[in-house]
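One-letter residues, chain by chain:
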Amino acid sequence: MRVLCVAQQKGGVCKTTTALSLSAAWAEAGRRVLMVDVDPQANLTRNIVEYEGLESDISQVYSGARSLGSIVVPTGREGLYLAPARTSLSRVENLERSLKTYTALRRELPRLDGSYDLAVVDTPPSLGLFTVSALLAATHVLVPVQPTFFCQEGLGDLNQTIAEAREENSGLVSVRYFMALFDRRTVISQEIASLIRDRLGASLLSATIRRSVAVEESQYAQKTIFDYAPRSTGAQDYRALAKEVTAWLASS
Ligand code: ADP
Ligand code: MG
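Residues numbered from 1 in each chain as written. Chains lettered and ligands numbered in written order. Predicted model: local features only at pLDDT ≥ 70, side-chain atom pairs only at ≥ 80, totals over all residues. Heavy atoms only, no water.

A. Quick peek at the environment of Ile58. Note that Ile58 resides in the loop between helix 2 (43-48) and helix 3 (59-62). Taking relative accessible area as the criterion, Ile58 reaches 0% and is therefore assigned buried. Look past the residues within four positions of Ile58 in its chain and what remains in contact with it is Val36, Asp37, Val38, Leu68, Ile71, Ala83, Pro84, Ala85, Leu89 and Leu105. (Helix = DSSP H or I, 4+ residues; strand = E, 2+ residues; numbered from the N terminus. Buried < 20%, exposed > 50% of the residue type's maximum accessible area, 1.4 Å probe, protein only. Contact = heavy atoms within 4.5 Å.)

B. Highlighting the nonpolar core. Counting residues in hydrophobic clusters, the biggest one holds 90 residues, and the most contacted among them are Ile58, Leu105 and Val245. Residues contacting Val245, with those up to four places away along its chain left out, are Leu4, Leu22, Trp26, Leu142 and Leu205. (Core = buried A, V, L, I, M, F, W, Y, C linked by side-chain atoms within 4.5 Å.)

C. The site of ligand 1, seen in detail. In the region of ligand 1, 15 residues are neighbours, and Gly12, Thr16, Thr17, Ser212 and Gln219 sit closest. A distance of 2.9 Å separates an oxygen atom of ligand 1 from a polar atom in the backbone of Lys15. Contact between ligand 1 and Thr17: an oxygen atom at 2.5 Å from a side-chain N or O atom of the residue. Here ligand 1 has 560 Å² of accessible area as a free molecule, and 85% of this is covered by the chains. Structurally, ligand 1 is housed in the largest pocket. Within the shell around ligand 1, the residues separate by chemical class into five nonpolar, six polar and four charged. (Near = heavy atom within 4 Å. Polar contact = N/O pair within 3.5 Å; in protein donor to acceptor, adjacent residues only side chain to side chain. Areas by Shrake-Rupley, 256 points an atom, 1.4 Å probe, with all protein chains shown as cover. 1 Å grid on protein atoms, 1.4 Å probe; cavity = no way out; pocket = protein on both sides within 12 Å on 5 of 7 lines; lining within 4 Å. Sits in = over half its atoms within 2 Å of the grid points. Nonpolar A, V, L, I, M, F, W, Y, C, P; charged D, E, K, R; others polar.)

D. Broad picture of unusual backbone geometry. Positive phi, normally seen in glycine, also occurs at Ala42, with a value near 55°. In this structure, Ala42 sits in the loop between strand 2 (33-37) and helix 2.

E. Highlighting the side chain of Ser133. Relative to the elements of secondary structure, Ser133 occurs in helix 8 (residues 129-137). For Ser133, a relative accessible area of 0% gives the class buried. Those residues within four positions of Ser133 in sequence are excluded, and the remaining contacts are Tyr62, Thr101, Tyr102 and Leu105.

F. Looking closely at the pairing of strand 8 (residues 204-210). Extensive coverage of strand 8 is indicated by the burial of five of its seven residues. Both strand 7 (residues 174-182) and strand 8 contribute to a ladder of four bridges, which runs parallel. Of the residues in strand 8, the one forming a bridge with Phe182 is Arg210. (Pairing = 2+ DSSP bridges.)

G. Broad picture of the packing of aromatic side chains. Scanning the entire structure with this criterion turns up two aromatic pairs. Summarising the aromatic geometry, the rings of Tyr62 and Phe130 are spaced 5.1 Å apart at their centres and angled 70° between planes, so their arrangement reads as edge-to-face. Of this pair, Tyr62 sits in helix 3 while Phe130 sits in helix 8; the two residues are 68 residues apart in sequence, bridging distant segments of the chain. One exposure class covers both Tyr62 and Phe130, and it is buried. With a centroid separation of 5.6 Å and an interplanar angle of 65°, the aromatic rings of Tyr81 and Tyr116 are classed as edge-to-face. Of this pair, Tyr81 sits in strand 4 (residues 80-83) while Tyr116 sits in the loop between helix 7 (104-108) and strand 5 (118-122), placing them 35 residues apart in sequence. Among the residues examined, Tyr116 registers a relative accessible area of 9% and is labelled buried. The ring centre of Tyr51 lies 4.3 Å from the NZ or CZ of Arg46, which sits over that ring. (Phe/Tyr/Trp six-rings, centres within 6.5 Å; stacked < 30°, edge-to-face > 60°. Lys NZ or Arg CZ within 6 Å of the ring centre and 35° of its normal.)

Spelled out as structure tokens, the structure:
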């Protein structure tokens, strides 16, 4: 099973939106997709299921009390499933730091191999326990890069963490980046975008996610961008990204 981890230690760069939109696109194309929320903010979970009604969550998988398979809930969409997070997940990070916690996803995900075609892990805006645990389980890592002045510095730390995860996880085959929240109208973002292109070369996907009000609105309406505004630039951009990521996952 391919395990795609969406990671970047900066917040607000559309990790969660990307995890949800790509998963929804693949489920719509007939694949069985497991989304795994390992962010204590639980944004992905709140976006797609009724948070208050949840009876279990991923913190129980980290603590070893439950299997990953046993906490998965349906999302009401065909082929789309979720291993939910709740805010109590932050307690795991404070209390437990054993090796077992770091390797929880790596142990649990392969057990679901026959049940899903692919897993998509949404991570918090940090390089801490949860992101590392996702990188240790991932086969592919997808990194949104917002073309801002400071984005380059953060990428160095992320790449270092990915390199360290690779030493422990030989299954981590490939890393790709894409530009997110790109504003073509400003000269400065054009210039920074061109620096990023030079630096990342072939590992930068050509699909770019533009700012789209419909994306923000869709989150508020608790719908995917494809359901909320299928003709919006947001939906178009995510369709293009899904196509490119599908080809990447198939080729490596
Ligand atoms: P992260 O998970 O990296 O913190 P989110 O996916 O939660 O980022 O996105 C952060 C905010 O930006 C959210 O309010 C979301 O609705 C908004 N957003 C995400 N993608 C877009 C987009 N393409 N255009 C406009 N707003 C977006
Ligand atoms: Mg998020």
